[in-house]
Amino acid sequence: MSTELDLVIRNADVVTASDRFTCDIGVRDGRIAVLGHGLPRGAREMDATGLLALPGGVDGHCHLDQPMPDGMRMADDFFTGTRAAICGGTTTVIPFAAQEKGGSLEAAVADYHRRAEGRAVADYGFHLIVADPTPHVLKYELPELIRQGYTSFKVYMTYDDLKLSDREMLDVLDVAKQNNALVMVHAENADCISWLTEKLVGEGRISPRFHGLSRPAAVEREATHRAITFAELVDVPILIVHVSGKEAIEQIRWAQSRGLQILAETCPQYLYLTAEDMGLQGDDGYEGAKCVCSPPPRDPENQAAVWRALAGGVFSVFSSDHAPFNYDDPEGKKLGGQAQPFDHIPNGVPGIETRLPLLFDGIARGKLSLHQFVELTSYRPARLYGLYPRKGTIAVGADADITLWDPERRVRITNDALHHAVDYTPYEGIEVTGWPVHCFSRGEMLVENGKYLEPAPGRGQFLPAGAPSLV
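As annotated in an unreviewed UniProt entry, the protein chain is D-hydantoinase from Ralstonia wenshanensis. Entered under Cofactor (unreviewed entry) in the UniProt record, the comment concerning the protein chain runs "Zn(2+)". What the UniProt record of the protein chain gives under Function (unreviewed entry) is the line "Catalyzes the stereospecific hydrolysis of the cyclic amide bond of D-hydantoin derivatives."

Novice: Which parts of the structure should I look at to understand the overall build of the protein chain?
Specialist: Of the regular secondary structure elements, the protein chain holds twelve helices and 19 strands. Structurally, the protein chain occupies a C-alpha span of about 70 × 50 × 45 Å along its principal axes. Put simply, the protein chain has 471 residues, and 60% of those count as buried. For the protein chain, the proportion of contacts with a sequence separation of at least 24, taken over those separated by at least 6, is 77%.

Novice: How do you make sense of the UniProt feature "domain: Amidohydrolase-related" (unreviewed entry) in the protein chain when you look at a structure like this?
Specialist: This chain's UniProt record puts "domain: Amidohydrolase-related" (unreviewed entry) on residues 53–445. For residues 53–445, the end-to-end C-alpha separation is 14 Å, with 35% helix and 16% strand making up the annotated structure.

Novice: Whenever I open this one, the sheet that holds strand 11 (residues 152–156) confuses me. Can you help?
Specialist: Remark on secondary structure: sheet strands pair via backbone hydrogen bonds, oriented parallel or antiparallel. Judged by pairing direction, the sheet is parallel, and its seven strands sit side by side in the order 8-10-11-12-13-14-15 without closing on themselves. Across the chains shown, the open sheet's two edge strands, defined by having one partner strand only, are strand 8 (96–98) and strand 15 (317–318). Here three bridges tie strand 8 to strand 10 (residues 127–129), and the two strands are oriented parallel to one another. When the bridges of strand 10 are listed, Ala-98 appears paired with Ile-129. Across the sheet, helix 2 (residues 105–116) lies against strand 8 and strand 10, angled at about 130° from strand 8, the strand it touches most. Across the sheet, helix 7 (residues 217–234) touches strand 12 (182–186), strand 13 (238–240) and strand 14 (262–266), and the angle it forms with strand 13 is around 175°.

Novice: Could you clarify how one ought to interpret the pattern of salt bridges in this entry?
Specialist: Side-chain pairs of opposite charge can arise where the charged atoms are in close proximity. Applying the stated criterion across every chain, the model contains 36 salt bridges. One salt bridge connects Glu-144 with Arg-147, and the closest N-O pair in it is separated by 3.1 Å. In this pair, Glu-144 and Arg-147 both sit in helix 3 (residues 135–147), three residues apart, roughly one turn of the helix. The exposure class of Glu-144 is partly exposed, given its relative accessible area of 29%. With relative accessibility at 59%, the residue Arg-147 sits in the exposed group. A salt bridge links Arg-226 to Asp-166; the nearest nitrogen and oxygen atoms lie 2.7 Å apart. Residue Arg-226 is located in helix 7, and its partner Asp-166 is located in helix 4 (residues 166–179); the two are separated by 60 residues in the primary sequence.

Novice: So what exactly am I meant to see when it comes to the environment of Thr-80 here?
Specialist: Structurally, Thr-80 is set in helix 1 (residues 78–87). In the structure, Thr-80 is positioned 286 residues away from Gly-366 in sequence and 33 Å away in space, judged by C-alpha atoms. Contact partners of Thr-80, with chain neighbours within four places excluded, come to Ala-75, His-419, His-420 and Ala-421. A distance of 2.7 Å separates polar atoms of two side chains, one belonging to Thr-80 and the other to Asp-76.

Novice: What's the story with helix 10 (residues 300–311) in this structure? I'm lost.
Specialist: Note: α-helices contain 3.6 residues per turn, so residues at a spacing of three or four share the same orientation. In this model, helix 10 (twelve residues) spans 17 Å end to end at C-alpha, consistent with the 16 Å of a helix rising 1.5 Å per residue. For helix 10, the full list of buried residues reads Asn-302, Gln-303, Ala-305, Val-306, Trp-307, Ala-309 and Leu-310. Looking at the buried residues of helix 10, the elements they touch are helix 8 (246–257), strand 14, helix 9 (269–272), strand 15, helix 11 (355–364) and helix 12 (370–384). Backbone geometry just downstream of helix 10 places Gly-313 in the positive-phi region, at approximately 90°.

Novice: Would you take a moment to explain the packing of aromatic side chains for this structure?
Specialist: When we look at a pair of aromatic rings, we describe it by the centre distance and by the angle of the planes. Scanning the model with the defined rule gives 17 aromatic pairs in all. Taking the centre distance of 5.2 Å and the plane angle of 85° together, the rings of Phe-360 and Phe-373 count as edge-to-face. Of this pair, Phe-360 sits in helix 11 while Phe-373 is found in helix 12, placing the two residues 13 residues apart along the sequence. Exposure remark for Phe-360: the relative accessible area of 3% places this residue in the buried category.

Novice: Explanation requested: the nonpolar core in the structure shown.
Specialist: A general tendency of soluble globular proteins is for nonpolar side chains to be buried together. Counting 99 residues, the largest nonpolar core has Phe-153 and Val-185 as the members making the most contacts within it. Looking at which element gives the most residues to this core, the answer is helix 7, with six residues. With sequence-adjacent residues up to four places away left out, Phe-153 is seen in contact with Leu-128, Val-130, Leu-142, Ile-146, Val-172, Ala-176, Ala-181, Leu-182, Val-183 and Met-184. Formed by 20 residues, the second largest nonpolar core is a distinct cluster that contains Ala-98, Tyr-156, Ala-382 and Leu-384.

Novice: I keep staring at the side chain of Thr-92 and nothing clicks. Help me out?
Specialist: Mapped onto the fold, Thr-92 is located in strand 7 (residues 90–93). Thr-92 sits in the buried class, given a relative accessible area of 0%. Ignoring sequence-local partners within four residues, the contact set of Thr-92 consists of Gly-57, Val-58, Asp-59, Asp-123, Leu-387, Lys-391, Asp-401 and Leu-463.

About the thresholds
Residues numbered from 1 in each chain as written. Predicted model: local features only at pLDDT ≥ 70, side-chain atom pairs only at ≥ 80, totals over all residues. Heavy atoms only, no water. UniProt positions renumbered as here; feature names shortened; annotations may be inferred. Helix = DSSP H or I, 4+ residues; strand = E, 2+ residues; numbered from the N terminus. Buried < 20%, exposed > 50% of the residue type's maximum accessible area, 1.4 Å probe, protein only. Contact = heavy atoms within 4.5 Å. Pairing = 2+ DSSP bridges. Axes fitted to C-alpha atoms, helices over the stretch in contact; angles between N-to-C directions. Salt bridge = Lys/Arg side-chain N within 4 Å of Asp/Glu carboxyl O. Polar contact = N/O pair within 3.5 Å; in protein donor to acceptor, adjacent residues only side chain to side chain. Expected span 1.5 Å × (residues − 1). Phe/Tyr/Trp six-rings, centres within 6.5 Å; stacked < 30°, edge-to-face > 60°. Core = buried A, V, L, I, M, F, W, Y, C linked by side-chain atoms within 4.5 Å.

Structure (structure tokens):
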């Protein structure tokens, strides 16, 4: 091993989840070798004066090249998706290997490795999606995959092709408890949504704006409470994902106050989008399809509640839930080349590149601290998903995943400037303060002065996960 430093970042204003200090950062063989002052010259030098040095972001909830039903296709594969992540300051992504009904989890994982290898630019891990918990899956496949480093998996309480019954939920939670894994829960009441959807469609109310009416806060609140009850019965931690507003937050806060290990995640769409972005009252246009996601965006009062919960420690994770469907695409939001009733619009919004700048802007507006930003976007997801201390911090021995931020830079978000393969961003025109200007992954500079340097596809490494750490 060479004793020369490959990279020295000088005068770094380092911020972690708990500390802030100024030093030089010395990198050797892709890892942080030394933090100190007056380090010897490295093969490459970077002066970080005036910038913040933050750990690379860990996006613990995103969808890339996920298999879709016939006629649908995600716009981002592992190359374009991780390229966009890197340009937004995220150096590690954890998308989902999704089991199909009647299929095996092992086959889903093998397929997902084929999709990622030779394409990913950023480092990556996999969550599992358990859609068909047969006795064989529960007894053999799932425990074995956990041992191999797939220690987190998602279950759905909605969507016909993914949802589990209450009994199946309990079975999966029990496997998680026995094998020290973490279950992520999409909490919405499927029967309520189906009943409301049938009524709306039967009345001819099918434009995108009615998506929100089919999934009101009550269906998220009820399912959140039910998921908490299951976790309490089994005595196992769970993570409620993409929480949209105050009613679900109240359930989570209630559980946390009772000492239950209930974790929560939210996403940019619940801070910046509202129901009006899916269409104003009386507007039956189709542009609102761009913002159709589940749970749906709500109203400014709920936005404020999410910001408060972020600052107040209710949430452990802030993720993108990047779900990249093109708008003007017969395999995307316009299935078959035409406008669709709201219940047939592919759900999800893109956000893997804009996740960090949108939350960082909250620092300038006094809504959270720098330490909270790092905790929510890097440190806690790395710990929860078994990647710490390799990821999630700036410390000796950690991977040299470092983003240098200009905290004063003001940027107006436009899709033309983004690096994903999606033909729109729901955050078009929003101005944010603070932007990642340089990005290093394992010591390799991938973005310099905001310019993507076109590293070789496939340089990203797969990261088997260790046991989740809840603290």
